[in-house]
Amino acid sequence: MPAGVTQTDHRFTTPYKTTAVHFTTLVLVFFFWGFVAASNDILIPVFKEKLHLEQWQSQMVSLAYYVAYTVGAIVYYFISKWLKQDIISRLGYKNSIAWGLIISALGTLLFYPAAESESFLLMISGLFIVGLGFSLQQMAANPLAIVLGDPKGGAKRLSLAGGINNFGTTIGPLIVSFAIFGTLNTEGTTVASINAVKTPYLLLGLAFVVVAVIFRFSSLPGRVTAPADTSLVPPEDATLAINIKSKRSAFHYTQLSLGMIAIFVYVGVEVSTASNLPELIKHTMNLETGKIAPYISLYWASLMIGRWTASVSIFNVRPAMRRLLNVLVPYIAFVVFLLVNRIANHDITPFYIYAPVILVMIAGDFLSKGNPARQLLIFSGLAIVALLVGIIAGGMTSVFAFISVGLFCSTLWPCIFTLAIAGLGKHTNEGSSLLIMMCMGGGILSLLQGWLAKDSLLGIHYSYFVGVAGFLYLVFYAIKARSVLRSQGIDYDVAANP
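All of the points below concern the structure found in this document. (Residues numbered from 1 in each chain as written. Predicted model: local features only at pLDDT ≥ 70, side-chain atom pairs only at ≥ 80, totals over all residues. Heavy atoms only, no water.)

## Thoughts on the packing of aromatic side chains
Two numbers describe a pair of aromatic rings. These are the distance of the centres and the angle of the planes. Within the structure shown, the criterion is met by 19 aromatic pairs. Here Tyr 65 and Phe 134 contribute two aromatic rings whose centre-to-centre distance is 6.2 Å and whose plane-to-plane angle is 85 degrees, an arrangement assigned as edge-to-face. You can see Tyr 65 sitting in helix H3 (residues 60-83) and its partner Phe 134 sitting in helix H7 (residues 120-147), a full 69 residues away along the chain. For the pair formed by Tyr 65 and Phe 134, the shared burial category is buried. (Phe/Tyr/Trp six-rings, centres within 6.5 Å; stacked < 30°, edge-to-face > 60°. Helix = DSSP H or I, 4+ residues; strand = E, 2+ residues; numbered from the N terminus. Buried < 20%, exposed > 50% of the residue type's maximum accessible area, 1.4 Å probe, protein only.)

Next comes the structure, spelled out in structure tokens:
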């Protein structure tokens, strides 16, 4: 064991335990993040058509939204340094989330003048402010989900919260599509109305305010104190706490510095795969913009399928029942997708063929055995295969191959987040803010792929090599993070549940 790393025989403990009320309150904000993020993928093709934008210009929607996370995190970081106190530590978790919701609500107000004037600049400015609020919410909510109970289940609670997030991503495109096109009936020709965008976003802003009040007066803990020299996320079923010599800043932890790049890449490939999907579907299947929403919904529902599956292990059930649920739960989530789209009067028969693809994700989940590094490695490899199939194949095979990337992206956020902040101790909040800062990858890689998608360059199919390159880095990070954490005495393989 390297110098400065010792082991003791006491357990990591936290003064708070997860309750249904606490967790239900917390996951409301996860739902909002998903709703807005996926709805952007409906705004992109509509703005492109109605405002006569090029593909790369339409990706400014993603750029404005995700760069806001970075701007918010940078502001947070430097204000914390100036005050010589972490802002979240000063405000408390629930107050930080409440203020973040109010900031996002202010952003939705811009959708009214933006829709009335059909101003692209005002629209993306509103999304930017919404994203600023979300950045503060993310910096508080992600670590709170981890420490709100037994730390060994932190990644699983993030997966469960992510599953709620992706319920928002599943219905978001459908609701916004209904608002824009004015009908649930996808037969025949529908006419987009940018003016109609203001209604769902103004209602969403009202919901932000209501939930901010709920957070402010909820019984959620304002602060959760953990020992400064203890890993926030020790190995699964850990019986040992790891005392690691504290470093000067979060930047000095290799798992975090490489993890920041991993978050940039992960958010980038997840978002760019989806935001360029409408253009690929129109190119491959010759569908009208109004009929694309179910395919976008399936992409984000795929993340819900994977995250619901990963969260099964958070429940205290017998191993045999857990294995059964690992097979049943993803198909329950798939049925939710089918029902939501059936209610929206979409033809769901083309999506039945997707059921066997889910088996690949289930197999990967079993092979990972709850180990975040191994799951990151396996799922990133499967995503590379899916992207290569999509690039090489044509027709529906190509479309469903690209959509299946959502299955393999599903648990990568909690895997990377867990690995990146493991062992940071008192630098955990700082590390969390740095990770949220890297969400700008969602905008930058989307813009890059949109530019490469021009026929004069790679074209829409070959532009997905951007995703292949991104997942190759995630394969590297999975291997490197495992090695770095082992050198610090954190070994997920040794401590994993049987």
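Now that the structure has been shown, we can carry on.
## Points about the environment of Ile 403
Within the secondary structure, Ile 403 is located in helix H16 (residues 395-409). Of the residues examined, Ile 403 reaches a relative accessible area of 0% and is grouped as buried. In sequence terms Ile 403 and Tyr 295 are 108 residues apart; their C-alpha atoms lie 7.7 Å from each other. Sequence-distant contacts of Ile 403, defined by excluding residues within four places in its chain, comprise Leu 277, Tyr 295, Leu 298, Tyr 299, Ser 302 and Tyr 354. (Contact = heavy atoms within 4.5 Å.)

## Remarks on the pattern of salt bridges
Counted by the stated rule, this structure contains 1 salt bridge. A salt bridge links Glu 270 to Arg 307, with the nearest nitrogen and oxygen atoms 3.9 Å apart. Of this pair, Glu 270 sits in helix H10 (residues 254-275) while Arg 307 sits in helix H12 (residues 293-310); the two residues are 37 residues apart in sequence, bridging distant segments of the chain. Using a relative accessible area of 9% as the deciding quantity, one classes Glu 270 as buried. (Salt bridge = Lys/Arg side-chain N within 4 Å of Asp/Glu carboxyl O.)

## Describing helix H11 (residues 277-285)
Listing the buried residues of H11 in full gives Leu 277, Pro 278, Leu 280 and Ile 281. The buried residues of H11 occupy an angular sector of 160 degrees when projected down its axis, which confines them to one face. Asn 286, located one to two residues past H11, shows a positive phi value of around 55 degrees. (Arc of directions from axis to C-beta.)

## Some words on helix H21 (residues 465-487)
Because the α-helix completes a turn every 3.6 residues, residues three or four places apart line up on one side. The end-to-end C-alpha distance of H21, which contains 23 residues, comes to 34 Å, matching closely the 33 Å that a straight helix rising 1.5 Å per residue would cover. Following H21 by one or two positions, Gly 489 adopts a phi angle in the positive range, close to 90 degrees. (Expected span 1.5 Å × (residues − 1).)

## Looking at the side chain of Gln 138
Mapped onto the elements, Gln 138 comes out in helix H7. Filtering out sequence-adjacent residues up to four positions away, Gln 138 remains in contact with Trp 33, Tyr 69, Pro 143, Trp 413 and Ile 436.

## Some words on the nonpolar core
Core analysis: the largest hydrophobic core is formed by 141 residues, its most contacted members being Phe 471, Leu 474 and Tyr 477. In this view, Leu 474 contacts Ala 262, Val 265, Tyr 266, Leu 376, Ser 380, Leu 412 and Ile 416; residues no more than four positions away in its chain are not counted. (Core = buried A, V, L, I, M, F, W, Y, C linked by side-chain atoms within 4.5 Å.)

## Comments concerning the packing of H10 against H21
One way to put it is that H10 packs onto H21 with a least axis distance of 9 Å and a crossing angle of 155 degrees. Judged by the angle between their axes, H10 and H21 are roughly antiparallel. Pair H10 / H21 crosses with left-handed handedness. Each of Thr 254, Gln 255, Leu 258, Gly 259, Ile 261, Ala 262, Val 265, Tyr 266 and Val 269 in H10 lies in contact with H21, whose residues at this interface are Val 466, Gly 467, Gly 470, Phe 471, Tyr 473, Leu 474, Phe 476, Tyr 477, Lys 480, Val 484 and Leu 485. The residue makeup of the contact of H10 with H21, split by class, is 14 nonpolar, 5 polar and 1 charged. (Axes fitted to C-alpha atoms, helices over the stretch in contact; angles between N-to-C directions. Parallel < 35°, antiparallel > 145°, perpendicular 65-115°, else oblique. Left-handed = near helix turned anticlockwise from the far one by under 90°. Nonpolar A, V, L, I, M, F, W, Y, C, P; charged D, E, K, R; others polar.)

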